[in-house]
Amino acid sequence: MSCVLGTLCTQQLLHVTEMKNFIQSVLILITVVMSAAGEELIYAEEGQMVTLNPPAVTNPQTHYSYWVFNGNQIAWRNPFSGKGVNDKDSLSLTDGSVLVITNIQQNLFGTFTCQIYTSGNRDTPVDTTTYKILKLSVTMDPPSPLLPGEDLSLNCNAGRNPKIHWLNPQGQKINSQRIQQKATGQDKGEWTCVVTYSNKESKAKISVTLVDLTTAPSHLQYTSKSSPLTIPCSTTATWDTIKTRDIEGGKREFFAKPGASLKSNAPQMLFSLSLDPLKWTPDQDNELRYDPKLQKGILSLKRNQGKDGDSGDYVCSLKFKNGVTLNRTVTVHVLQITSSPGIELISGQQVNLTCDLGSPLPSDLQLKWFPPGQSSLPSLKSDHHPTHLIIPEVGMGDGGKWRCELWRNSTRLTSAVITLKIEPKITVWMIVLICSVTVIAILLLVVAFILYRRRQRKMTHLRHRLCRCKNPQPRGFYRS
């Protein structure tokens, strides 16, 4: 009987102990839940400024404020305007008990609590506010700079699994915590990780540097024999950044337009890039010059005036030791004016003027003709002037400079100039007059020649009359 009673007592004690442990566990869980529910989450990137507000009931004239970080007091303020912080380099406290973390570092991520007391009760706080500051960080692996086609990998790290999305450099939203793609020219710039929680947002940014080539402002260039030639090309990074990717060399090549006067369609080497020292070495005398800002990544070529043979593709390239080669192509079109039958004309002749690029103009391009001021050509009122102008009979006022301009919308691309020389028209009366003057001049010459011959004959005859004596002597008195 006693054994049975002892066994029952032991079982009852075990049940009581288990119940007590269960109750304690429930109380602890409730405490944790309530504590978590009372926390205000803040996500911050290292180096950012964080502002923590005290409870709304705080009255600086009557309340004592205490800020605690991970169980240690770090700031305080009393109703008599007294206040203090234990880390003046990172923390500051306003008169309203607002705690400001000017430059949050790794050691300040954690739990901050603000406790408010009255002067009459310093044991029990009137109100308490708790903040949980979680670190928000973004990483890139491999790091910048990247070459086009290499892996771009961005990761946004934030505790407690909030909602995360990315904004690319164009501001487009990408619903993902991780970006994994091949790098292109569109990826260069600032990426932003956005964390959304409790109807609030926190942001962390990372800059992606891409070593690439660009032909801004345009890969299409227009020139003429009366306009400068510019072949743009530049890098998207400084030369110091480019050198970190082990550049091997570079070159500028020219591919002539089909049908050009060149003997071969093979590319012409214009310049090769020397790395030490950094300079372009010309491969032939083409009168092109490179931009002196080569150290800043400007690879453009220029000439004061274009030439008829400049039409074609100009390739700018950089080669790296990992086998990657960057290429950009600029297409140059030369605007030309031609005159048929030529530029030296006689008044009254028909003239055909043509202004074009050697091929039909694209629909987005327009021409504008500007004849000399005294031209007989009727005014062209439309903004879209024809490619061909026909002048049935040129006059003296048509002589001089004719200018043709190439436009795209409101942008003038280039212009070409031709100079016509007009000689006056020769009429029948002008021919008669010229012939008459010629005949009269010939007659005058004949008469002058005849008169000259007659005079010569008279002089000869006179000399014969004076010299008939065998031994002529002058007249006078002689002794015998």
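The name given to the protein in an unreviewed UniProt entry is T-cell surface glycoprotein CD4, and the organism recorded there is Dicentrarchus labrax.

A.B. asks: Sorry if this is basic, but what is going on with a positive patch on the surface here?
C.D. replies: A cluster of basic residues, R453, R454, R457 and K458, forms a positive patch at the surface. By the element assignment, R453 lies in helix α3 (residues 428-466).

A.B. asks: How do you make sense of a nonpolar patch on the surface when you look at a structure like this?
C.D. replies: A grouping of I442, V446, F449 and I450 is seen on the molecular surface, where their side chains present a nonpolar patch of about 370 Å² in accessible area. Within the fold, F449 resides in helix α3. By relative accessible area, which is 53% here, F449 ends up exposed.

A.B. asks: Honestly, the pattern of salt bridges in this entry has me stumped. Any pointers?
C.D. replies: Note that side chains of opposite charge can pair when their charged atoms are close. In total, this model carries 18 salt bridges according to the counting rule given. Two residues, R160 and E39, come together in a salt bridge whose shortest N-O distance is 3.4 Å. Note that R160 is positioned in the loop between β10 (151-158) and β11 (163-167) and E39 in strand β1 (residues 39-44), a separation of 121 residues in sequence. With relative accessibility at 49%, the residue R160 sits in the partly exposed group. In this structure, a network of salt bridges that share partners links the residues R403, E405 and R412.

A.B. asks: Hey, could you run me through the environment of S198 in this one?
C.D. replies: Position of S198 relative to the elements: it lies in the loop between β14 (189-197) and β15 (200-208). Take S198: its relative accessible area is 61%, and that puts it in the exposed class.

A.B. asks: Can you help me understand the state of the cysteines in this one?
C.D. replies: For the coordinates displayed, the defined rule picks out three disulfides. Shown here is the disulfide that connects C156 with C193, its sulfur atoms set 1.7 Å apart. Where C156 bonds to C193 through sulfur, the torsion about that S-S bond is close to -70 degrees, and the disulfide is left-handed. Taken as a pair, C156 in strand β10 and C193 in strand β14 lie far apart in primary sequence, 37 residues in all. Its relative accessible area of 0% is what places C156 among the buried residues. Note that C233 is cross-linked by a disulfide to C316, the S-S spacing being 2.3 Å.

A.B. asks: Even after reading the chapter, I still don't get unusual backbone geometry, so can you show me in this structure?
C.D. replies: Most of the time, phi is negative for any residue but glycine, and the peptide bond is trans. D141 connects to P142 through a cis peptide bond whose omega is 5 degrees. Look at the link from S340 to P341: it is a cis peptide, with omega at 20 degrees. Of note, P341 is situated in the loop between β27 (336-340) and β28 (344-346). Even without a glycine there, the phi angle at N199 is positive, about 60 degrees. Here N199 shows up in the loop between β14 and β15. One non-glycine residue, E287, lies in positive phi territory at about 65 degrees.

A.B. asks: Can you help me understand the nonpolar core in this one?
C.D. replies: For soluble globular proteins, nonpolar side chains are generally found buried alongside one another. Ranked by internal contacts, the top residues of the largest apolar core, which has 27 residues, are I231, L299 and F320. Elements represented by at least two residues in this core include exactly β18 (229-231), α2 (239-243), β20 (247-256), β21 (268-275), β22 (278-282), β25 (312-320) and β26 (325-334). When residues in this core are grouped by element, the largest group, four residues, is from β25. In contact with F320, other than residues within four places in its own chain, are L147, V211, I242, R245, D246, I247, E248 and L326.

A.B. asks: Even after reading the chapter, I still don't get the pairing of strand β32 (residues 400-408), so can you show me in this structure?
C.D. replies: Side-chain direction in a regular strand flips from residue to residue, so the side chains alternate between the two faces of the sheet. Two strands pair when backbone bridges link them, and strand β30 (residues 366-370) and β32 are joined in this way by five bridges, in the antiparallel orientation. Paired with K368 across the two strands is E405, which belongs to β32. Between β32 and strand β33 (residues 411-423), which pair antiparallel in sequence order, lie two residues; one of them, N409, sits at a positive phi of approximately 55 degrees.

A.B. asks: How should the pairing of strand β31 (residues 388-391) be read in this particular structure?
C.D. replies: Burial along β31 is one-sided: L389 and I391 are buried, and none of H388 and I390, which face the opposite way, are. Of the pairings in the sheet, the one linking strand β29 (residues 351-356) to β31 comprises four bridges and is antiparallel in character. Pairing of V351 across the sheet is with I391, part of β31.

Calculation rules
Residues numbered from 1 in each chain as written. Predicted model: local features only at pLDDT ≥ 70, side-chain atom pairs only at ≥ 80, totals over all residues. Heavy atoms only, no water. Patch = residues over 30% accessible without salt bridge, like charges linked within 9 Å, V, L, I, M, F, W, Y side chains within 5 Å. Areas by Shrake-Rupley, 256 points an atom, 1.4 Å probe, with all protein chains shown as cover. Salt bridge = Lys/Arg side-chain N within 4 Å of Asp/Glu carboxyl O. Lys, Arg positive; Asp, Glu negative; His and termini not counted. Charge placed at Lys NZ, Arg CZ, Asp CG, Glu CD. Helix = DSSP H or I, 4+ residues; strand = E, 2+ residues; numbered from the N terminus. Buried < 20%, exposed > 50% of the residue type's maximum accessible area, 1.4 Å probe, protein only. Disulfide = S-S within 2.5 Å. Core = buried A, V, L, I, M, F, W, Y, C linked by side-chain atoms within 4.5 Å. Contact = heavy atoms within 4.5 Å. Pairing = 2+ DSSP bridges.

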